[in-house]
Amino acid sequence: MKTYRRPKSFGRKLALLLAATTVAFTTVKAQDAHAMDKWGIYKEAQKLDEQGKYAEAIAKYNMIAPEFIKTKEYGNAAGMYLRIGNDYAKLKKYDDAVAAWDLEAKYYGLAGNTQVSIAAKRSADMLRSKASLFVETTAGAVGGSNTHGAKFEPKNGALLGAYAELDPAVHNAQTANPFYTEKFPAMTGKKHAAYLEYFTYGKPLSSIQSHIDHARAAGVAIELGVQPLNGLAEVKDDAYLHQLARDIEASGVKVFLRFANEMNGDWVKWHEEDPKKYIEKFRLVASVFHKEAPNNVAMVWAPDRLPEYNIQSYYPGDDAVDWVGVSLYSIFDPSLDPLKQGEDRSSHLDKFDNIYKLYAARKPVFISEGGISYMYPEKKLDKTDWAVYKMQEFYSTLPMLYPRVKAVFYFDSNHDASARIKYYMLSANRKLLDGYKKAIDNPFYLSNVGDESPVAYRPASAASPVTAAVQNLSAYVKTWSPTLAKVTYDIGGKTVGKTMSPPWTAKIDFAPYKGKTIEVVVKAYDSKNTLVTTQKVPVTVK
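Our subject in this report is the structure included herewith. A quick note: this is a predicted structure, and the numbers were derived from the prediction, not measured.

## Notes on the overall build of the chain
Moving on, step 1. Assigned secondary structure in the chain consists of 13 helices and 21 strands.
Moving on, step 2. At 25 Å, the chain has a C-alpha radius of gyration in line with the 24 Å of a compact globule built from 542 residues.
Moving on, step 3. The principal-axis extent of the C-alpha atoms belonging to the chain is close to 80 × 60 × 45 Å.
Moving on, step 4. Of all 542 residues assigned to the chain, the portion counted as buried reaches 57%.
Moving on, step 5. Counting contacts in the chain only where the partners sit at least 6 residues apart, residues at least 24 apart contribute 73% of the total.
Moving on, step 6. Of the roughly 22,700 Å² that the chain leaves accessible, carbon and sulfur atoms contribute 50%.
Moving on, step 7. Of the side-chain charges in the chain, 71 are positive and 60 negative, and the distance between the mean point of each set is 5 Å.

Right, here's the structure in full:
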């Protein structure tokens, strides 16, 4: 998949191909806009940059950016905000840098440079500091607010799933001993509700009979990744398709049928530039399976999270789709670090945000496959601590930020694709395995189709009051620091909670603040005990 980066320079006569963010404007007074020598001021700003006088350069860029906006030279305006953001970053004023890059993204979007706009927004997001608070409650308290009533959907909670066929510690494809349905839960310490298995379109179901039999014996579901490796033209309303549907129905195994996944990416053989061709085939398959396998099959539509811009074009329609999935991976990539310090500041959790916002109100959504690599493959550098942190942050915070997520499948494999090994295998890394075991221990993650989580979470804010009692308060805290080591909570100038790992849970007594709207001050520290952000969250106590 392609990664879009912002160009490093721009010419006076060309629309600036750079990228995005918000910052306060410096109002230009007593100077005629038409008489302003914008490019002369730009050259002055460049010289100040070269001299390391970043604050003075920012003032110059801020003078001319609004002038470009007035004349609708949005590309040039975006370029100014790129430089403003870069200079704020050099001054370690990261919130101001984020604001400038947000504006850069805005004006590149208006200039029609969509991909550059996305790159600018990504840079802003990597440095963006934010905090969201949540309190633990019971599933009964939230009722059916997080459910759609779809087939196999838990009312509250997420089904735990995995792809484990390529982990030799839990599966032997030749002897079927061990078999992942037994050994993977033994290794991870928790039964999983479903397993991903890939299936080549055109083959009979009997080609994966051992997987069907073991799934039935273990009482687990299968996410069946049905892949038309010869392209979509082979998918027809014929005897094969109808027989496949009847055979799956007769198997007695619950199947999430993920047809032609990642269709929005040009790396799959069934990718079609014209989404109508894909939609036609998906709707055909859905129609047949809804008719022939009404009890045991849920149709899954599952794009890759990238590219984002074309995802919605491939959506087959609510009547054809039962669940929406997404492929969600993170591999350490310092090339995108806005601070050029060799860090990966992206949030694995935030990568789920787009698909959730697009479809969670309409369908149960889930991570149909995903993982976080414990190696930086290009340099063969160990990034286990980074991966463990991102994994634990992801699983612990997902139920709070995205309560309508209904399944999570971990991709337990170290596989080679395009000569770039992806390192996700739990059995190959003890720290990663221990991190996974800790992450899935949350009762929100379910071991059986039909189970329901006993716990749920509610936002704690001015608009979502908390009860005046002792509460388990948790947080999602995102900063420019790739990892955090400590979070504290202050109320009224007093520290009322301290916690050392995501989701930063602390018991806090809200009784003294009944009937008030208070300010909870969230302070986050890195591994060197350096304060990296302070976020103030207003919370109403009832």
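Next comes the rest of the account.
## Section: the sheet that holds strand β15 (residues 455-459)
Moving on, step 1. If you trace the four strands from one edge of the open sheet to the other, you get β15-β1-β16-β19, paired in antiparallel fashion. Of all the strands in the sheet, the pair left with one neighbour each is β15 and β19 (506-509). Pairwise comparison of adjacent strand axes, ignoring direction, gives a mean angle of 45 degrees for this sheet.
Moving on, step 2. Two elements, strand β1 (residues 130-138) and β15, share five bridges in a ladder whose sense is antiparallel. If you follow Phe134 over to β15, its bridge partner there is Pro459.

## Focus: the packing of aromatic side chains
What describes a pair of aromatic rings is the distance from one ring centre to the other and the angle between the planes of the rings.
Moving on, step 1. Overall, the coordinates contain 37 aromatic pairs when judged by the stated rule.
Moving on, step 2. Note on Phe366 and Phe409: the rings are 5.8 Å apart at their centroids and 65 degrees apart in plane angle, and the pair reads as edge-to-face. Of this pair, Phe366 sits in strand β8 (residues 365-372) while Phe409 sits in strand β11 (residues 405-411); the two residues are 43 residues apart in sequence, bridging distant segments of the chain. Assigned by exposure class, Phe366 and Phe409 land together as buried.
Moving on, step 3. Just above the ring of Phe332 sits the side chain of Lys383; from NZ or CZ to the centre is 4.4 Å.
Moving on, step 4. The ring centre of Tyr525 lies 4.5 Å from the NZ or CZ of Lys486, which sits over that ring.

## Some remarks on the side chain of Asp412
Moving on, step 1. With respect to the helices and strands, the residue Asp412 is situated in the loop between β11 and β12 (414-417).
Moving on, step 2. The side chain of Asp412 sits in the buried core without any salt bridge; Arg430 is the nearest counter-charge, 12 Å away.
Moving on, step 3. Apart from residues lying up to four places away in sequence, Asp412 is in contact with Tyr163, Ala164, Leu166, Asp167, Val170, Phe184, Met187, Tyr424, Met425, Leu426 and Ser427.

## Some thoughts on the pattern of salt bridges
Pairing is possible between side chains of opposite charge, provided their charged atoms come close.
Moving on, step 1. Counted by the stated rule, this structure contains 19 salt bridges.
Moving on, step 2. Here Glu153 makes a salt bridge to Lys406, at a shortest N to O gap of 2.7 Å. Of this pair, Glu153 sits in the loop between α6 (139-142) and β2 (158-163) while Lys406 sits in strand β11, and the two are 253 residues apart along the sequence.
Moving on, step 3. For Glu153, a relative accessible area of 11% translates into the label buried.
Moving on, step 4. Between Asp490 and Lys523 there is a salt bridge; the shortest N-O distance is 3.3 Å. Taken together, the residues Asp490 in strand β17 (residues 486-491) and Lys523 in strand β20 (residues 517-525) connect sequence positions 33 residues apart.
Moving on, step 5. For Lys523, a relative accessible area of 24% gives the class partly exposed.

## Digging into the environment of Ser327
Moving on, step 1. If you trace the backbone, Ser327 turns up in strand β7 (residues 323-330).
Moving on, step 2. Classification of Ser327 as buried rests on a relative accessible area of 1%.
Moving on, step 3. Once residues within four sequence positions are removed from consideration, Ser327 is found in contact with Arg258, Glu262, Pro303, Asp304, Arg305, Ser368 and Glu369.
Moving on, step 4. Among the polar contacts made by the side chain of Ser327, one reaches the side chain of Glu262 at a distance of 2.6 Å.

Parameters at a glance
- Numbering of residues begins from 1 in every chain and follows the order in which that chain's sequence is written.
- Reporting of local features is limited, given that this is a predicted model, to residues whose pLDDT is at least 70; pairs of side-chain atoms are given and counted only at 80 or more, and all residues count toward the totals for whole chains, interfaces and linings.
- Note: side-chain values were computed over all heavy atoms of the structure, leaving out hydrogens and water.
- Secondary structure is summarised from DSSP: a helix means a run of H or I of at least four residues, a strand means a run of E of at least two, and numbering begins at the N terminus for each.
- Radius of gyration here is computed from C-alpha atoms only, and the compact-globule reference equals 2.2 Å multiplied by the residue count raised to the power 0.38.
- The classification of residues rests on relative accessible area computed with a 1.4 Å probe and restricted to protein chains. Under 20% of the type maximum is buried, over 50% is exposed, and intermediate values are partly exposed.
- Residues count as neighbours in contact if any of their non-hydrogen atoms are within 4.5 Å of one another.
- Using the Shrake-Rupley algorithm and a 1.4 Å probe, accessible areas are obtained, with residue cover drawn only from the displayed protein chains.
- Only four residue types enter the charge count, namely Lys and Arg as positive and Asp and Glu as negative; His and the chain termini do not.
- A single reference atom marks each charge: NZ on Lys, CZ on Arg, CG on Asp, CD on Glu.
- A strand pair is defined by DSSP finding two or more bridges across the two strands.
- For helices, the axis comes from a line fit to the C-alpha atoms of the stretch in contact; other axes are also lines fit to C-alpha atoms, and the angle between any two N-to-C directions lies between 0 and 180 degrees.
- Centre distance within 6.5 Å is the pairing criterion for rings of Phe, Tyr and Trp, where only the six-membered ring of Trp is used; planes under 30 degrees apart are then read as stacked, over 60 as edge-to-face, and the remainder as tilted.
- For a Lys NZ or an Arg CZ to count as sitting over a ring, it must be within 6 Å of the ring centre and within 35 degrees of the ring normal.
- By salt bridge we mean one thing: a side-chain nitrogen of Lys or Arg within 4 Å of a carboxyl oxygen of Asp or Glu.
- Two N or O atoms count as a polar contact when they lie within 3.5 Å, although within protein this holds only if one can serve as hydrogen donor and the other as acceptor, and sequence-adjacent residues are included solely when both atoms are side-chain atoms.

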